[in-house]
Amino acid sequence: MRPKLDYGTEVRVLRNVRNDGTYPGEATGALLVRRGSTGYVRDVGTFLQDQIVYTVHFLEQDRIVGCREEELQPAAEPWTPSLFESREKVAARLALGAGGRVLVQPGTVGEVARVLRGNPRPDGRPGDVAYYVDFPGCNTLQVPESALAAPPTTADEVPPPADGTAAREDAA
């Protein structure tokens with residue numbers, strides 16, 4: 001088990017880092033470092049003898065945080081920002097289906113299982129983002145970012161469709 005990153009390497013964190021209760025002076029669950037932020041590797045260690053953990057100094061936030069190897073990438077590698085991250089709740093903006101069948105109705109809330117970031121385009125624009133999302137009552141679906149929205153704040157609120165048209169309810 002060898003570390004992929006070395007001391008002094010500038011790295012980017014791939015997901016939000018929250019306090020798991022080990023960061024002093026902050027509430028458990030408090031956001032410590034936002035995904036996409038960069039910092040520098042200060043130390044390398046292991047956890048439970050099978051996970052590499054890096055001590056990273058995020059200069060903008062002036063925080064030193066432990067990050068697992070899979071949470072980091074070299075800062076020089078292409079980065080595509082995303083609206084959501086793993087374990088966040090999302091809502092379908094439109095009907096989602098496969099094989100001609102509707103599997104998820106607009107407004108249905110699911111949970112992001114994985115973020116799929118495409119590489120940035122040659123002209124510098126960000127790449128495409130999609131997600132594996134677990135919706136109740138169906139298999140995990142791969143969904144483009146444009147088909148998802150933040151979950152409604154009230155039970156009767158439905159996110160607008162991705163094409164910008166007004167949502168409507170059909171009369172029964």
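Our subject is the structure listed above.
Here the structure is a predicted model, which means the values were calculated and not measured.

Glancing now at the sheet that holds strand E12 (residues 129–134). One open sheet accounts for five strands, arranged E13-E12-E11-E8-E14; its pairing is antiparallel. Edge positions in the open sheet fall to strand E13 (141–144) and strand E14 (148–149), since each of these has one partner strand only. As paired strands, strand E11 (residues 109–117) and E12 are joined by six bridges and run antiparallel to one another. In the strand pairing of E12, arginine 117 is matched with valine 129.

What follows concerns the nonpolar core. Across soluble globular proteins, nonpolar side chains have a tendency to be buried as a group. With 15 residues, the main nonpolar core has Leu96, Tyr131, Val133, Phe135, Val143 and Leu148 as its most contacted residues. Only strand E8 (89–92), E11, E12 and E13 provide two or more residues apiece to this core. With three residues, the single largest contributor to this core is E12. Setting aside residues no more than four positions away along its own chain, tyrosine 131 makes contact with Ser82, Leu83, Phe84, Val112, Arg114, Val115, Leu116, Leu141, Gln142, Val143, Glu145 and Leu148.

All right, on to the environment of threonine 80 then. Position of threonine 80 relative to the elements: it lies in the loop between strand E7 (72–74) and E8. Judged by its relative accessible area of 2%, threonine 80 is buried. Along the chain, threonine 80 and glycine 127 lie 47 residues apart, while their C-alpha atoms are 5.8 Å from each other. Ignoring sequence-local partners within four residues, the contact set of threonine 80 consists of Arg117, Gly118, Asn119, Pro120, Pro126, Gly127, Asp128 and Val129.

On to the pairing of E8, then. Here E8 pairs with E11 via three bridges, running antiparallel. In the sheet register, lysine 89 faces E11, and the bridge partner there is glutamate 111. Bridge count between E8 and E14: two bridges; the pairing is antiparallel. The residue bridging alanine 91 from the neighbouring strand is alanine 149, located in E14.

So, how was this worked out
- Residues numbered from 1 in each chain as written.
- Predicted model: local features only at pLDDT ≥ 70, side-chain atom pairs only at ≥ 80, totals over all residues.
- Heavy atoms only, no water.
- Pairing = 2+ DSSP bridges.
- Helix = DSSP H or I, 4+ residues; strand = E, 2+ residues; numbered from the N terminus.
- Core = buried A, V, L, I, M, F, W, Y, C linked by side-chain atoms within 4.5 Å.
- Buried < 20%, exposed > 50% of the residue type's maximum accessible area, 1.4 Å probe, protein only.
- Contact = heavy atoms within 4.5 Å.

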